[in-house]
Amino acid sequence: MQLPPPPMCTWDDAEDLLLTGARADLDAGYTPLPTIAAFDGDEAVAYGVLRPLDERGPVPALVEVMALLLPCGVDRVALLLPGRAWSVDDPVPPVCEDGDLRARVVVLLQADGATAPCRPRTRLLSVEPAPGHGQWDLVEAPVDSSEVEAPLVDAVRILLEGRDEMITGTDGYDLVAQLGRVLLLGHELALSPRLADRLTLASAV
């Protein structure tokens, strides 16, 4: 599924964009969706929802989308992922017949590959009731988030630092094929007019 063009925003707006979407999902009664915002410099060129994640976690889904976006010039990425958190002092996660008692959280990751070295940063926010409104809010969790989703952080850094190799090794046919694969796998992406025009032209060759 292809969505309308991504929202008009700059890299500085990426965090607010993702958090606004997450709050809207929560207020509608849904778990926030795994969302990506990708930038070429300060221009938003792709925005959308990753396919449903499986037991392997978010890394395979991210790699699928980045295989399309990196050759198109993306050098900055912001991700928002839903999750569950519990204390490392608990011997097992507090999941029982009554349900999943682990705290609901979202992980926000931002990685700027426009400057080297790429040092992704993460924030962990807990899902908490908004006082007096019957709605939900996202509140900074009082924990060290430096090791949050370490495999994902490593994957983002490696992908962005290796993007030049992907750019030189990918032609128009490869891009169109990867776009088809991304959509068939269930990712939902909104592309900027410039990027959509580039892929449309490549598909006509």
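Residues numbered from 1 in each chain as written. Predicted model: local features only at pLDDT ≥ 70, side-chain atom pairs only at ≥ 80, totals over all residues. Heavy atoms only, no water.

**Q** Looking at this structure, how should I read the overall build of the protein chain?
**A** When you go through the protein chain residue by residue, the secondary structure sums to 6 helices and 9 strands. By residue count, 43% of the 205 residues in the protein chain fall in the buried class. Excluding contacts between residues fewer than 6 apart, the proportion of contacts in the protein chain whose partners are at least 24 apart in sequence is 66%. Carbon and sulfur atoms make up 56% of the accessible area of the protein chain, which totals about 11,000 Å². (Helix = DSSP H or I, 4+ residues; strand = E, 2+ residues; numbered from the N terminus. Buried < 20%, exposed > 50% of the residue type's maximum accessible area, 1.4 Å probe, protein only. Contact = heavy atoms within 4.5 Å. Areas by Shrake-Rupley, 256 points an atom, 1.4 Å probe, with all protein chains shown as cover.)

**Q** Explain the environment of Asp27 here, please?
**A** Here Asp27 lies in helix α1 (residues 14–27). Each C-alpha atom of the pair Asp27 and Gln135 lies 5.6 Å from the other, and the pair is 108 residues apart in sequence. Discounting residues that sit within four places of it in the chain, Asp27 has contacts with Gln135 and Trp136.

**Q** For this particular structure, what's the right way to read the nonpolar core?
**A** A general tendency of soluble globular proteins is for nonpolar side chains to be buried together. Among the nonpolar cores identified, the biggest contains 33 residues, and Ile36 and Leu69 are the most heavily contacted of them. If you tally residues by element for this core, the top one is helix α2 (residues 59–69), at 6 residues. Not counting residues within four places of it along the chain, the set of residues in contact with Ile36 comprises Ala46, Tyr47, Gly48, Leu50, Leu62, Val65, Met66, Leu69, Val77, Ala78, Leu79 and Leu189. Membership of the second largest hydrophobic core comes to 19 residues, among which are Leu18, Leu26, Ala37 and Leu108. (Core = buried A, V, L, I, M, F, W, Y, C linked by side-chain atoms within 4.5 Å.)

**Q** Please clarify how a negative patch on the surface should be interpreted in this entry.
**A** There is a patch of like negative charges on the surface, built from Asp12, Asp13, Asp16 and Asp42. For Asp42, the location among the structural elements is in the loop between β1 (35–40) and β2 (43–49). (Patch = residues over 30% accessible without salt bridge, like charges linked within 9 Å, V, L, I, M, F, W, Y side chains within 5 Å. Salt bridge = Lys/Arg side-chain N within 4 Å of Asp/Glu carboxyl O. Lys, Arg positive; Asp, Glu negative; His and termini not counted. Charge placed at Lys NZ, Arg CZ, Asp CG, Glu CD.)

**Q** What should I look at first to understand the pattern of salt bridges in this one?
**A** Note on pairing: side chains with opposite charge can pair once their charged atoms come close. Enumeration over the complete set of coordinates arrives at 11 salt bridges. For Arg194, the salt bridge goes to Glu43, with nearest N and O atoms at 2.9 Å. Of the two residues, Arg194 sits in helix α6 (residues 193–203) while Glu43 sits in strand β2, which places them 151 residues apart along the sequence. Given a relative accessible area of 43%, Arg194 falls into the partly exposed group. Via salt bridges that share partners, Glu15, Arg121, Arg123 and Glu140 belong to a single interconnected network.

**Q** Sorry, what's going on with the packing of α2 against helix α3 (residues 150–161) here?
**A** When two helices pack together, you describe them by how their axes are tilted relative to each other and by the distance separating the axes. Here α2 crosses α3 at 15 degrees, and the two axes come no closer than 10 Å. Our classification of the angle between α2 and α3 gives roughly parallel. Crossing hand, α2 versus α3: right-handed. Side by side, α2 and α3 meet where Val59, Leu62, Val63 and Met66 of the first sit next to Pro151, Leu152, Ala155, Val156, Leu159 and Leu160 of the second. Per-class residue counts for the contact of α2 with α3 are 10 nonpolar, no polar and no charged. (Axes fitted to C-alpha atoms, helices over the stretch in contact; angles between N-to-C directions. Parallel < 35°, antiparallel > 145°, perpendicular 65-115°, else oblique. Left-handed = near helix turned anticlockwise from the far one by under 90°. Nonpolar A, V, L, I, M, F, W, Y, C, P; charged D, E, K, R; others polar.)

**Q** Is there a simple way to explain the environment of Leu159 in this structure?
**A** Checked against the element boundaries, Leu159 lands in helix α3. Using a relative accessible area of 17% as the deciding quantity, one classes Leu159 as buried. As a C-alpha pair, Leu159 and Ala67 span 92 residues in sequence and 8.8 Å in three-dimensional space. Look past the residues within four positions of Leu159 in its chain and what remains in contact with it is Leu62, Val63, Met66 and Leu70.

**Q** Quick question: what am I supposed to make of the packing of aromatic side chains here?
**A** Any two aromatic rings considered together are summarised by their centre-to-centre distance and by the angle between their planes. Taken as a whole and assessed by the stated rule, the structure comprises 1 aromatic pair. Relative to Phe39, the ring of Trp11 lies with its centre 5.3 Å away and its plane at 80 degrees, an arrangement referred to as edge-to-face. Highlighted residues: Trp11 in the segment before α1 and Phe39 in strand β1, separated in sequence by 28 residues. Its guanidinium or amino end placed over the ring of Trp136, Arg104 lies 4.7 Å from that ring's centre, counting from NZ or CZ. (Phe/Tyr/Trp six-rings, centres within 6.5 Å; stacked < 30°, edge-to-face > 60°. Lys NZ or Arg CZ within 6 Å of the ring centre and 35° of its normal.)

**Q** Just to check I follow, could you spell out the pairing of strand β6 (residues 103–112) for this structure?
**A** Successive residues of a regular strand alternate their side chains across the two faces of the sheet. In terms of burial, β6 is a largely internal element, 7 of the 10 residues being buried. As paired strands, β6 and strand β7 (residues 121–130) are joined by 6 bridges and run antiparallel to one another. Its bridge partner being in β7, Leu108 is matched across the sheet by Arg123. (Pairing = 2+ DSSP bridges.)

The quantities given are spatial measurements derived from coordinates; they are silent on function.
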